[in-house]
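Tertiary structure, described
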Amino acid sequence: MSTPAPWVRTRLRTAPLAALLTAALTLVLVFLAAALPRALDRGADGALHAFLRGSGPVATSVVVTSGPPAGGEPERKLDATAARLTDLIGPVLPLEPGGPVYGRRGLAARSLPDPGLDRPESVAPELALVYQHGAREHVHLTAGRWPDAGAAGGPVPVVLSAAAAEAMKVRPGAVLDGGASVLSPTARLSPQQVEVVGLYAVDDPADPFWAELGCAIGACRNMTPSHGPGDPPVAYWYAVALTGPESVSRLGVWSDGALDYWRLPVRVEALRADRLRQTSFGLAAVTSGPLAVEVVSGSGRPDVRIDSGLRSAIDTARQRQSAIDSLTAVGPAGAAGVSAVVLCLAAALAAERRTAELLLLRARGAGIGGVFRRLLGEGAATVLPAAALGALLAFALLPTPRRLPAAGAAGAVALLALLAFPVRAALLLRGAAAGAGRGRRRLVGEFAVLAVTAAAVAQVVRRGVAPLGEGVDPLLVAAPLLLSLTGALLLARLQPPLIGLLARRAGRRPGVVGFLGLARAARGGGGGRSRPSVLPLLALVLAVACGAVGATVLASVAADRAEVARYALGGDAVVSAGSNTSLPQSFVTEAGRLPGVTAALPVWIDEDVVLSLGGGASVRVNVVVADPVPYARLAEAAGRGRFDPALLAGDPGGGPLPALAGGGVPEGEFSLRLAGGDAARIRVVGHADGTPALVGSAGPTVVLPAGPAADLVARIGGPAKWLAAGRPDDAALRALAGRLLGPPAAGAGTGHRVRTVASEVAALGADPLQASAVRLFWVSVGATALSALLSVLLTLLRAGPERAAVLARLRTMGLRPRQGLALILAEVLPQSLVAALGGALTAVCCVLLLGPAVDLSPLVGSGVAAGLRPLAAPIAEQAVGLALLAVLAVLAEAAVTARRQITTELRAGDAR
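An ideal rise of 1.5 Å per residue puts 44 Å on 30 residues; helix α12 (residues 368–397) measures up with 42 Å between its terminal C-alpha atoms. Bending of α12 peaks at approximately 40° at the position of Ala380. For α12, the complete set of buried residues consists of Ile368, Val371, Leu375, Glu378, Gly379, Thr382, Val383, Ala386, Ala387, Gly390, Ala391 and Ala394.

Attention shifts here to the side chain of Thr842. In this structure, Thr842 sits in helix α24 (residues 817–850). Overall, Thr842 belongs to the buried group, its relative accessible area being 7%. At 2.7 Å, the side chain of Thr842 and the backbone oxygen of Gly838 are in polar contact. In this structure Thr842 touches Leu483, Ser484, Gly487, Val541 and Ala545, once residues within four positions along its chain are discounted.

Among the secondary structure elements, Ser576 is positioned in strand β13 (residues 573–576). Look past the residues within four positions of Ser576 in its chain and what remains in contact with it is Leu583, Ala720, Lys721, His752 and Arg753.

Turning our eyes to something else, we now look at the pattern of salt bridges. Tallied over the entire structure, the rule returns 15 salt bridges. Note that Asp260 and Arg104 form a salt bridge whose closest N and O atoms lie 2.5 Å from each other. On the criterion of sequence distance, the pair formed by Asp260 in strand β11 (residues 258–265) and Arg104 in strand β2 (residues 101–106) is long-range, its members being 156 residues apart. Relative accessible area serves as the criterion here: at 5%, Arg104 is assigned to the buried category.

The subject of this paragraph is the packing of helix α10 (residues 330–353) against helix α15 (residues 474–507). At their nearest, the axes of α10 and α15 sit 9 Å apart, and the two run at 40° to each other. Compared by their axis directions, α10 and α15 come out oblique. Where α10 crosses over α15, the handedness of that crossing is right-handed. The residues of α15 that touch α10, namely those facing Val330, Ala333, Gly334 and Gly337, are Leu476, Val477, Pro480 and Leu481. Within the contact of α10 with α15, the residues separate by chemical class into six nonpolar, two polar and no charged.

So, about the state of the cysteines. Tallied over the entire structure, the rule returns one disulfide. Covalently, Cys215 is tied to Cys220 through a disulfide, its sulfur atoms 1.9 Å apart. A torsion of -115° about the S-S bond marks the disulfide between Cys215 and Cys220 as left-handed. Cys546 carries a free sulfur, and the closest cysteine sulfur to it, the one in Cys846, is 7.5 Å from it. For Cys546, a relative accessible area of 12% corresponds to the buried category.

Turning to helix α8 (residues 290–299), a few remarks are in order. For α8, the complete set of buried residues consists of Leu291, Ala292 and Val295. Looking straight down α8, one finds its buried side chains confined to an arc of 105°; they lie on one side. Away from its buried face by more than 90 degrees, α8 exposes Pro290, Val293 and Ser297. Within two residues after α8, Gly300 carries a phi angle of roughly 65°, on the positive side.

Packing of α15 against helix α17 (residues 534–569) brings their axes to within 9 Å, and their N-to-C directions diverge by 135°. The angle between α15 and α17 falls in the class oblique. The hand of the α15/α17 crossing is right-handed. Contacts between α15 and α17 involve Leu481, Ser484, Leu485, Ala488, Leu489, Leu491, Ala492 and Gln495 from the former and Val534, Leu537, Leu538, Val541, Leu542, Ala545 and Cys546 from the latter.

Below, the discussion takes up the nonpolar core. Membership of the largest hydrophobic core comes to 71 residues, with the highest contact counts inside it found for Val30, Val792 and Leu882. Counting residues per element, this core draws most heavily on α17, which supplies 13 residues. Other than its neighbours up to four places away in sequence, Leu882 contacts Leu540, Val544, Ala788, Val792, Ser832, Ala835 and Ala836. Ala82, Leu88, Leu160 and Trp262 belong to the second-largest nonpolar core, a separate cluster that totals 52 residues.

With respect to the secondary-structure elements, Thr701 resides in strand β19 (residues 701–705). When residues no more than four places from it in sequence are discounted, the contact partners of Thr701 are Asn622, Val624, Leu660, Ala661, Gly662 and Thr691.

Turning next to unusual backbone geometry. For Ser122, which is not glycine, the phi torsion reads 65° and is therefore positive. Assignment of secondary structure puts Ser122 in the loop between β3 (110–111) and β4 (126–132). The exposed category is assigned to Ser122, whose relative accessible area is 65%. Positive phi is not limited to glycine here, since Lys169 has a value of about 65°. With respect to the element layout, Lys169 can be found in the loop between α4 (162–168) and β7 (175–178). Take Lys169: its relative accessible area is 52%, and that puts it in the exposed class.

To continue, consider the pairing of strand β17 (residues 668–673). Pairing between strand β14 (residues 597–614) and β17: three bridges, direction antiparallel. If you follow Val610 over to β17, its bridge partner there is Arg673. Examined bridge by bridge, β17 and strand β18 (residues 679–687) share six bridges and lie antiparallel to one another. Its bridge partner lying in β18, Gly668 is registered against Val684.

Criteria and thresholds
Residues numbered from 1 in each chain as written. Predicted model: local features only at pLDDT ≥ 70, side-chain atom pairs only at ≥ 80, totals over all residues. Heavy atoms only, no water. Helix = DSSP H or I, 4+ residues; strand = E, 2+ residues; numbered from the N terminus. Expected span 1.5 Å × (residues − 1). Bend = angle between axes of the 7 residues up to and from the residue. Buried < 20%, exposed > 50% of the residue type's maximum accessible area, 1.4 Å probe, protein only. Polar contact = N/O pair within 3.5 Å; in protein donor to acceptor, adjacent residues only side chain to side chain. Contact = heavy atoms within 4.5 Å. Salt bridge = Lys/Arg side-chain N within 4 Å of Asp/Glu carboxyl O. Axes fitted to C-alpha atoms, helices over the stretch in contact; angles between N-to-C directions. Parallel < 35°, antiparallel > 145°, perpendicular 65-115°, else oblique. Left-handed = near helix turned anticlockwise from the far one by under 90°. Nonpolar A, V, L, I, M, F, W, Y, C, P; charged D, E, K, R; others polar. Disulfide = S-S within 2.5 Å. Arc of directions from axis to C-beta. Core = buried A, V, L, I, M, F, W, Y, C linked by side-chain atoms within 4.5 Å. Pairing = 2+ DSSP bridges.

See the structure below:
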């Protein structure tokens, strides 16, 4: 008696292509599902690390300070306390492997009255002494030697940086007398001297080891405090000298006391965005909890203080992350919904292709449970290996410590891919046995979806999105998917009668190709079905709607960033002259000719003008002189200081100059007095809410027309700024400015400054948190586009064999190949076009209903007005893209179908 062949092996050998396609689809979707949370974690961790690194090494450290203990060897006590702190704090917080930075510093510096030292503004330089453990390993001597114990009662041996020695005119071997203390300049101190026994240079000035000792790298040019208008600040040199461990006990005498310190740097790269709450609790335990009590009680030191700026930085990072989480979840949720529908569509396609086989098994006595188990085993042989491979690829390509979310997402997709076909087949068999009642169940399900969608949208519109910092808002995430689902169900109800109406109209016209194609489209592509399946339409509508919403968010973010940058600059490009300089006419002329510049003008500015209001009252104002027409155009584009240029038109004829004023200056005639004493009469004819020429300036601004104010322009000097509108090339403008204006300003330098909207937008998007969120939206839009392509292909495959058989029969009756292509287009394109139009309308509804509650400020990187506005371009791109995909897929199918032989399709006994 022969043993029957195993079911799984037989099915895989019978349909290897179907098994391969199922495995490929599962591999791609599981990979995307597992990669998405890992990409989120990597983006959040990278943004956290960049944010904390920007706070500086001191803010990301635990700092412990105390007064010097009595007796003993101070350097050994410093070492012992550092080891104890590391043992206590290390298990709670990840510390840098280099160990703590610790030592002893004086409480105050001493002035050096030696007349041979350099004095920038006749103020004696100051010198502070510090012992920092391990400093010798971070420097190299350029002259002299490293300090030792020195002679008893003699000068304290120190080393000074070569840069500080050069600035202060100190030579190696010099003995410096300490005068008054900075803390008590009138107190009589015991005579103290230091001997500069060596000079050094720091190996790496950017090393966090020197974070609190910047003046040990080179002399600092400090300013004395100002006590009033008659006491302006003056500059003096301030330097830090390093001592050896043998002189630690002598620091307090020089500095009116000393302070021991330990800075334990936290390893920022080891912190995780998903564990910030636990990290904050650990910091609290260290700074004010049980660990802090243990440190204080076991140290044997007076006045122990523990502090860290990391907790505040972590709280800020948590708020930033929570503010953006709700927005970033919208794109992935849409992609996940489309992917789930694509899996269900693939399962429905497989079930329809094998309906006859399943019904035959049922007719031969197989139970629904038995068929389900066999199909489950068949799917496990293809789905599970592909799912495991996709998850492994995601874990390998996107390493991150957290694994549970990715594993859960991959498992959910694998489970859906595994159960979709068996469940669909079981429902198909049960529905065939039950017969009636499916229409009522479908109607009840559609009303339930409509009710849930209405409730969700009403709740979001009523209460708005969850406040910033509250995390992900489930309603905001689910509402676009529910709206898309409702739109797809509504279209599924409307599509058959609409396409049927078109078919009846086409039936009254000559030719049968259009009528046949539209009639088949109204029946869903098959002869026996009364209506098309909802799944293909749902997949396409979801793909277009979710992709369009994501693309709208991205386009709105880009537009808002440009608007914020333009408002901050006062135009699309601004070139400011250096202090006490002006822009030459050659630059103004050539800059106005650059490609992309649509409007440009020079602006004269004087920020030290007195406006006499009469009656002895006056106010300090800023005067801006410009050509009124292009200036008004720039003000309109920048959204700052809009006005009608006709107000400043006309020749004053020797009378007062027409002027626009702001800041509460009333209309009327007044007198302007420049810093040099020159005066001019003006007549305030209107008011403006600011000016694009001066952003962030204090005091009211007065705008004058350049033509009538020519005499005033000559007294002010050359133009201080050049403003432009349009799309000037940033690199070309900087190159022109560098050639005609010299080197740009570096920090607080005196050179010119070039700013464009492009550079400001790049700066807004440079934050890793915003960049990660925007990148995730792009990935989501790409995933929905891929899902749309898969939906189109699966829709074509669903009716492909039957369509090929129909074309073969029609060819026997004289149908030409071109007419066959027209028939396929007439059958497929109406459904795709309806889906594209429905998805676009659904996206518009999503934006109109949910947009006012969405705040894009976290994505933009700056505060913007709340609300997401519908944009035609991104929505139309998604809809047109789906239509093009459908056309290309139809052309490809027609090319494949044309190559088949009629005898291949018309087989004896074929029921298609």
